[in-house]
Amino acid sequence: MDQKDRILVIGALGQVGQELVETLRLRYGTERVIGSDIRLPENPPELFEAVDVLDTERLLAIVRKYNIRYIYHLAALLSATAEQKIKGGWRLNMQGLFNVLDLAVEGHIDKIFWPSSIAVFGPSTPRVDTPQTTVMDPNTVYGISKLAGERWCDYYHARFGVDVRSIRYPGLIGYKSLPGGGTTDYAVDIFHAALQQGSYTSFLGPDTRLPMMYMPDAIKATIGIMDAEAASVKIRSSYNIASMSFTPAEIGAEIGQHVPGFQLDYAPDHRQAIADSWPQSIVDQDARADWGWQESYDLAKMTADMLLNLKKQ
Ligand code: SER
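To keep things clear, this report deals only with the structure shown in the data block. (Residues numbered from 1 in each chain as written. Predicted model: local features only at pLDDT ≥ 70, side-chain atom pairs only at ≥ 80, totals over all residues. Heavy atoms only, no water.)

1. What about the overall build of the protein?
When its secondary structure is counted, the protein shows 11 helices and 14 strands. Since a compact globule built from 313 residues should have a radius of gyration of about 20 Å, the 19 Å found for the protein is in line with a globular shape. The C-alpha extent of the protein, read off along each of the three principal axes, is 55 × 45 × 40 Å. Considering the protein as a whole, with its 313 residues, one finds that 56% of them fall into the buried category. Put simply, of all contacts in the protein between residues at least 6 apart along the chain, 78% involve residues at least 24 apart. Side-chain charges in the protein split into 30 positive and 38 negative, and the spacing between the mean points of these groups amounts to 4 Å. (Helix = DSSP H or I, 4+ residues; strand = E, 2+ residues; numbered from the N terminus. Rg over C-alpha atoms; globule rule 2.2 N^0.38 Å. Buried < 20%, exposed > 50% of the residue type's maximum accessible area, 1.4 Å probe, protein only. Contact = heavy atoms within 4.5 Å. Lys, Arg positive; Asp, Glu negative; His and termini not counted. Charge placed at Lys NZ, Arg CZ, Asp CG, Glu CD.)

Structure follows, in structure tokens:
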């Protein structure tokens, strides 16, 4: 990337976006990373623009204004929210992606990162050690939009040579930002509740095992696939990536090692059915072989680090 070229993060106020902007700025310098979200926050950070990814004119104007060459397109409605806003979820998740892909076809940008999710899998997918290529029958609006998005990324790469790169995020856990509207959000909420109340009521049942990842690993994977030589990114739909899988009971027990007397209860709600349609564990050998993916955190290491940092806040 040329010195004058810049990076745009769309959805920069979200759970991943906040941390990604911070990391990209440390790496490339503040002035080279532009944050954007659908609206300006109360105290907008430096170099931040309000951009609705569905507004193609505004999107192009921002790309031109800052000489944007790379886009990390993170704006989406997550699984639980999209079930409440079916058409809105589909529109944002699909049309938003098309708008960014088309910027590349028209030559305005060089490289795109777009996240997919474990939600692309469904009830007929093998749930344990889910392979890269397998049955995919998602039954949520979010999962359907992510699977369709994967197919379009692959198509745009094959047909128009668009350099789009993607990974299937598992549930993401971090202390710097909060998730919104996801089925895996309990695994973040539980830490805050443990420190504030000493107890938590999980909206997923005790034995609901899901693939998860600590945010520093997710950011490492995101930047890692963008840094890779184009020829090493052989899968242009989206890569499985994994680091850990656990159940609410298991993470509760781990937190209990640090927070004496931590009390965990369960009140499964509508999100249980979504979780039950997703894999329990993921095989990610392609990401490891093709562009060197390697995690740094397991459940024990993440739990200790989360609690340490939340206590500091
Ligand atoms: N964490 C997301 C969700 O729960 C899955 O990609 O919706």
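Still more ground to cover, so stick around.
2. A few points about helix H4 (residues 86-105)
The end-to-end C-alpha separation of H4 is 28 Å, in line with the 28 Å expected for 20 residues at 1.5 Å each. Every buried residue belonging to H4 is among Gly-89, Leu-92, Asn-93, Met-94, Gly-96, Leu-97, Phe-98, Asn-99, Val-100, Leu-101, Leu-103 and Ala-104, and all of these are buried. Phi turns positive one or two residues past the end of H4, at Gly-107, with a value near 85°. (Expected span 1.5 Å × (residues − 1).)

3. As for the site of the ligand
All residues in the neighbourhood of the ligand are listed as Leu-78, Ser-79, Ser-117, Tyr-142, Gly-182, Thr-183, Thr-184 and Trp-278. Within the side chain of Tyr-142, a nitrogen or oxygen atom sits 3.1 Å from an oxygen atom of the ligand. Thr-184 places a side-chain nitrogen or oxygen 2.8 Å from a nitrogen atom of the ligand. Spatially, the ligand is embedded in the largest pocket. (Near = heavy atom within 4 Å. Polar contact = N/O pair within 3.5 Å; in protein donor to acceptor, adjacent residues only side chain to side chain. 1 Å grid on protein atoms, 1.4 Å probe; cavity = no way out; pocket = protein on both sides within 12 Å on 5 of 7 lines; lining within 4 Å. Sits in = over half its atoms within 2 Å of the grid points.)

4. Considering the sheet that holds strand E2 (residues 33-37)
Read across the open sheet, the six strands follow the order E3-E2-E1-E4-E5-E7; overall the sheet is parallel. Each end of this open sheet is capped by a strand with a single partner; those strands are strand E3 (48-50) and strand E7 (164-165). Looking at chain direction, strand E1 (residues 6-10) and strand E4 (residues 68-73) are connected through five bridges and run parallel. Residue Leu-8 lies in a different strand from E4, and its bridge partner there is Ile-71. Against the sheet, H4 engages E1, E4, strand E5 (111-113) and E7, with an angle of about 160° to E4. (Pairing = 2+ DSSP bridges. Axes fitted to C-alpha atoms, helices over the stretch in contact; angles between N-to-C directions.)

5. Digging into the sheet that holds strand E6 (residues 116-117)
Two modes of strand pairing occur in sheets, parallel and antiparallel, and in both the strands are linked by backbone hydrogen bonds. Taken in spatial order, the three strands of this open sheet run E6-E8-E12, and their pairing is parallel. Single-partner strands in this sheet number two, and they are E6 and strand E12 (239-240). In terms of strand pairing, strand E8 (residues 167-169) meets E12 through two bridges, oriented parallel. Looking at the pairing, Ile-167 lines up with Tyr-239 of E12. In this fold helix H7 (residues 215-227) packs onto E8 and E12, with an angle of close to 170° to the strand it touches most, E8.

6. Description of the environment of Glu-106
As for its position among the elements, Glu-106 is in the loop between H4 and E5. By relative accessible area, Glu-106 is classed as exposed at 53%. Distance in space between the C-alpha atoms of Glu-106 and Phe-160 is 9.8 Å, their sequence separation being 54 residues.

7. Some points on the pattern of salt bridges
Summed over all chains, the structure comprises 15 salt bridges. The salt bridge partner of Lys-65 is Glu-49, with a shortest N-O separation of 2.8 Å. One end of the pair, Lys-65, is in helix H2 (residues 56-65); the other, Glu-49, is in strand E3, and 16 residues separate them in sequence. Relative accessible area serves as the criterion here: at 52%, Lys-65 is assigned to the exposed category. Between Lys-220 and Asp-217 there is a salt bridge, with the nearest N and O atoms lying 3.9 Å from each other. Of this pair, Lys-220 and Asp-217 both sit in helix H7, three residues apart, which is roughly one turn of that helix. Overall, the relative accessible area of 36% leaves Lys-220 in the partly exposed class. A residue is classified by how much of its surface remains accessible, and Asp-217, at 1% relative accessible area, is buried. (Salt bridge = Lys/Arg side-chain N within 4 Å of Asp/Glu carboxyl O.)

8. Points about the layout of surface pockets
Size it by volume and the largest pocket reaches roughly 850 Å³. Taken together, 40 residues form the lining of the largest pocket, with Gly-14, Leu-74, Ala-76, Leu-78 and Gly-180 sitting closest to its centre. When residues of the lining of the largest pocket are traced back to their parent elements, those giving at least two are helix H1 (15-28), helix H3 (79-84), E6, helix H5 (141-160) and strand E9 (171-173). Looking at which element gives the most residues to the lining of the largest pocket, the answer is H1, with three residues. (Points joined across faces, edges and corners; volume = space filled by probe spheres on them.)

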